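Summary of the model geometry
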Amino acid sequence: MEFPEQPTSPERVFSGVQSTGNLHLGNYLGAIVKFVELQNNYDCLYCVVDLHAITVPQDPIALRNNTREIAAAFIACGIDPKKNIIFNQSQVPEHAELAWVLNCVARIGWLNRMTQFKDKAGKDRENASMGLLDYPVLMAADILLYRATHVPVGEDQKQHLELARDIAQKFNNDFAQSIVRNGYDGGVFFPLPEPLISGPATRVMSLRDGSKKMSKSDASEYSRINLSDDADQIAQKIRKAKTDPEPLPSEEKGLEARPEANNLVGIFAALSGRAKSEVLKEYGGANFSTFKNALVDLSVAKLSPITAQMRRIREDDGYIDQVLRDGSDRARAIARENMNAVKDIVGFLR
Ligand code: AQP
């Protein structure tokens, strides 16, 4: 029997952000800035991953609000919802469907090694949700469902991306013959997704503790700058940011073993589009109060247009819901086709 030759998949970008709270400067510099850049050269899908959000308890009203807030932030940061697909994960049921198939491909040992699970589950692992352990498999499903080739993420997601590649590889190996029988040249169905971990600041740290990453779920509001913060809140948070008693060094080497200073200089560099060394050329020898004042001015200048645009967009939740519905319809068209191919490859009747 002759099988049709399948087209090779196009280069495609996928990335997601959890609707667990407001977007912060880490999400912005680590991920969103790259999302905006990539839209010029790739087909991009940007997803609000609400299924991931419920791996830890969420208040339903807050969850809906956060989903809209993140969609609004995507648009306010410059992602064009017509050119790209902006959607929320729970409107495309194939994410969960593919995750089940991939659960049967991934190995328990692989998941037990994931550092994010260890960090989030803490000491009480037995009491963590099954979803929290399975989080990286759902993430692999998000990416592979669209046969995405490139995934822009912050440093913290590197290990999950490696796992997604392992899962894709094992699926391709386990079903190699069936993949060929179904017309996929070379027995490869899932491309191995390339992590794009670059850009101005791949790991922004907490303003209260330079050894912890800036995070939406940190209990302290002073640990992060939210994209929804106004100028006063930004100024307060930066002025209260933890530092050390020494003035700033003139060279990057002098930032070693000074995590808080390194973080603030990194944020300044990322927001101003300069290298850290250049920032230190200007501020080396300055005390933190001078440097923080400059950082407040820079942060407010860069972030307040985004905040203002987010507020305008949030005045019309009907518009946001429409963007998400439209994006979900367009995402689903791709997802359904790929899920049908997975069903054929695995041997499900349809
Ligand atoms: N501190 C960070 N620096 C650089 N990039 C970061 N990202 C997150 N924190 C930083 C990147 O932002 C994207 C979206 O992240 P997410 O919402 O999916 O979840 P996360 O990585 O778990 O981020 P949070 O803020 O820490 O959320 P919670 O507290 O809910 O777990 C990803 O590309 C991530 O790498």
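In the block above lies the structure referred to throughout.
Report on the accompanying structure. All values reported here derive from a predicted model rather than from experimental measurement. (Residues numbered from 1 in each chain as written. Predicted model: local features only at pLDDT ≥ 70, side-chain atom pairs only at ≥ 80, totals over all residues. Heavy atoms only, no water.)

**Topic: the overall build of the protein chain**
Heads up, the rule is: To qualify as a helix, a DSSP run of H or I must reach at least 4 residues; to qualify as a strand, a run of E must reach at least 2; elements of each kind are numbered from the N terminus. To get the radius of gyration, use the C-alpha atoms; to get the globule rule, take the number of residues to the power 0.38 and multiply by 2.2 Å. Burial status follows relative accessibility: with a 1.4 Å probe on protein chains alone, a residue under 20% of its type maximum counts as buried, one over 50% as exposed, and anything between as partly exposed. Any two residues whose heavy atoms approach within 4.5 Å are treated as being in contact. Shrake-Rupley sampling with a 1.4 Å probe provides the accessible areas, and residues are treated as covered by the protein chains on show and by no other component. Only four residue types enter the tally: Lys and Arg on the positive side, Asp and Glu on the negative side; His and the chain ends are excluded. To locate a charge, take atom NZ for lysine, CZ for arginine, CG for aspartate or CD for glutamate.
Counting its secondary structure elements, the protein chain contains 14 helices and five strands. Here the C-alpha atoms of the protein chain give a radius of gyration of 22 Å, agreeing with the 20 Å that 2.2 N^0.38 yields for 350 residues. In terms of overall dimensions, the protein chain has C-alpha extents of about 75 × 45 × 40 Å along its principal axes. Counting across all 350 residues of the protein chain, residues that qualify as buried make up 51%. Long-range pairs, those at least 24 residues apart, make up 76% of the contacts in the protein chain with a sequence separation of at least 6. A total of about 16400 Å² of accessible surface is found on the protein chain, and carbon and sulfur atoms cover 49% of it. Once the 43 positive and 46 negative side-chain charges of the protein chain are each reduced to a mean point, those two points are 2 Å apart.

**Overview of the environment of Ser289**
Put simply, the rule reads: Any N or O atom pair separated by 3.5 Å or less is treated as a polar contact, with the protein-specific requirement of one donor-capable and one acceptor-capable atom, and with residues adjacent in sequence counted only for side-chain atom pairs.
Position of Ser289 relative to the elements: it lies in helix α13 (residues 288–314). According to the relative accessible area criterion, Ser289 is partly exposed, its value standing at 48%. A polar atom in the side chain of Ser289 sits 3.2 Å from the side chain of Asn287.

**Considering the nonpolar core**
Using the following cut-off: Side-chain atoms within 4.5 Å link the members of a nonpolar core, which is a set of buried Ala, Val, Leu, Ile, Met, Phe, Trp, Tyr and Cys residues.
Of all hydrophobic cores here, the largest spans 62 residues; its most connected members are Leu25, Tyr28, Leu29, Ile32, Phe74, Leu227 and Phe291. Among the elements that make up this core, the one with the highest residue count is α13 (eleven residues). Not counting residues within four places of it along the chain, the set of residues in contact with Leu25 comprises Gly30, Val204, Met214, Ile225, Ile267, Leu271 and Leu303. By size, the runner-up hydrophobic cluster in this structure holds 50 residues, among which are Ala121, Val137, Leu138 and Ile167.

**Focus: the packing of aromatic side chains**
Our working rule: In this scheme Phe, Tyr and Trp rings, the latter by its six-membered ring, pair at centre separations within 6.5 Å, and the angle between planes marks the pair as stacked below 30 degrees, edge-to-face above 60, and tilted otherwise. A ring has a charge above it when a Lys NZ or an Arg CZ is no more than 6 Å from the ring centre and no more than 35 degrees off the ring normal.
Summed over the entire model, instances satisfying the criterion amount to 13 aromatic pairs. Ring centres of Phe14 and Tyr146 lie 5.6 Å apart, and the angle between their planes is 10°; on these two criteria the pair is classed as stacked. Of this pair, Phe14 sits in strand β1 (residues 12–18) while Tyr146 sits in the loop between α7 (130–145) and β4 (150–152), and the two are 132 residues apart along the sequence. For the pair Phe35 and Phe74, a centre-to-centre distance of 6.0 Å together with 70° between the ring planes defines the contact as edge-to-face. Of this pair, Phe35 sits in helix α1 (residues 25–38) while Phe74 sits in helix α3 (residues 60–77), and the two are 39 residues apart along the sequence. The pair Phe35 / Phe74 is uniform in exposure class, with both members buried. Members of the aromatic cluster, connected to one another through ring pairs, are Phe171, Phe175, Tyr184, Phe189 and Phe190. Here Arg147 stacks its cationic end above the ring of Phe189, 4.3 Å away from the centre of that ring.

**Focus: the pattern of salt bridges**
Where side chains of opposite charge bring their charged atoms close, a pairing between them can arise. Formally: Any Lys or Arg side-chain nitrogen found within 4 Å of a carboxyl oxygen on Asp or Glu counts as a salt bridge.
According to the stated counting rule, one finds 19 salt bridges in the structure shown. Put simply, Arg332 and Glu94 hold a salt bridge, and the shortest N to O gap is 3.1 Å. One end of the pair, Arg332, is in helix α14 (residues 317–346); the other, Glu94, is in helix α4 (residues 94–103), with 238 residues separating them in the sequence. On the basis of relative accessibility, which here comes to 26%, the residue Arg332 falls in the partly exposed class. On the accessibility criterion, Glu94 (4% relative accessible area) is buried.

**A look at the site of the ligand**
This is how the line gets drawn: Any residue with at least one heavy atom within 4 Å of a molecule or strand is counted as near it. In the scheme used here, Gly and all other residues not listed as nonpolar or charged are polar, with Ala, Val, Leu, Ile, Met, Phe, Trp, Tyr, Cys and Pro taken as nonpolar and Asp, Glu, Lys and Arg as charged.
In the neighbourhood of the ligand, 23 residues make up the surrounding shell, with Lys120, Asp156, Ser215, Lys216 and Ser217 lying closest. In this structure, a nitrogen atom belonging to the ligand sits 2.9 Å away from a main-chain N or O atom of Met214. Lys216 has a polar side-chain atom sitting 2.3 Å from an oxygen atom of the ligand. When the ligand is considered free in solution it has 640 Å² of accessible area, and contact with the protein chains removes 98% of it. Put simply, the parts of the chain that give the shell around the ligand at least two residues each are β1 and α1. By residue number, the principal contributor to the shell around the ligand is α1, which donates four residues. Its residues assigned to classes, the shell around the ligand shows six nonpolar, twelve polar and five charged.

**Digging into the packing of α4 against α7**
Applicable threshold: Axis definition: a line fitted to C-alpha atoms, limited for helices to the stretch in contact. Angles are taken between N-to-C directions and run from 0 to 180 degrees. Should the near helix be turned counterclockwise from the far one by less than a right angle, the crossing is left-handed, whereas a clockwise turn marks it as right-handed.
Contact geometry for α4 and α7: axes closest at 8 Å, N-to-C directions at 115°. Both α4 and α7 take part in a crossing whose hand is right-handed. Contact with α4, carried on its side by Glu94, His95, Leu98, Ala99, Leu102 and Asn103, involves Asp134, Val137, Leu138, Ala140, Ala141, Asp142, Leu144 and Leu145 of α7 and no other residues of that element.

**Some remarks on unusual backbone geometry**
Positive phi values are uncommon outside glycine, yet Arg147 reaches one of about 45°. Tracing the backbone through its elements, the reader meets Arg147 in the loop between α7 and β4.

**Concerning the pairing of strand β2 (residues 43–49)**
Test applied: When the strands point away from the viewer, a crossover counts as right-handed if the path from the first strand over the helix to the second runs clockwise.
Where burial is concerned, most of β2 is hidden: six out of the seven residues are buried. For the crossover from β1 across α1 to β2, the handedness is right-handed.

**Thoughts on the packing of α4 against α14**
Packed helices, taken two at a time, are described by the angle between their axes plus the distance between the axes. Spelled out, the test is: For this classification, under 35 degrees means roughly parallel, over 145 means roughly antiparallel, 65 to 115 means roughly perpendicular, and everything else is oblique.
Following both chains from N to C, one finds α4 and α14 inclined at 25°, their axes separated by 10 Å at the closest point. In this view, α4 runs roughly parallel relative to α14, as classed from their interaxial angle. The hand of the α4/α14 crossing is left-handed. Within the contact between the two elements, α4 uses Glu94, Glu97, Leu98 and Val101 and α14 uses Arg332, Ala335, Arg336, Met339, Val342, Lys343 and Val346. Looking at the contact of α4 with α14 residue by residue, the classes come out as six nonpolar, no polar and five charged.

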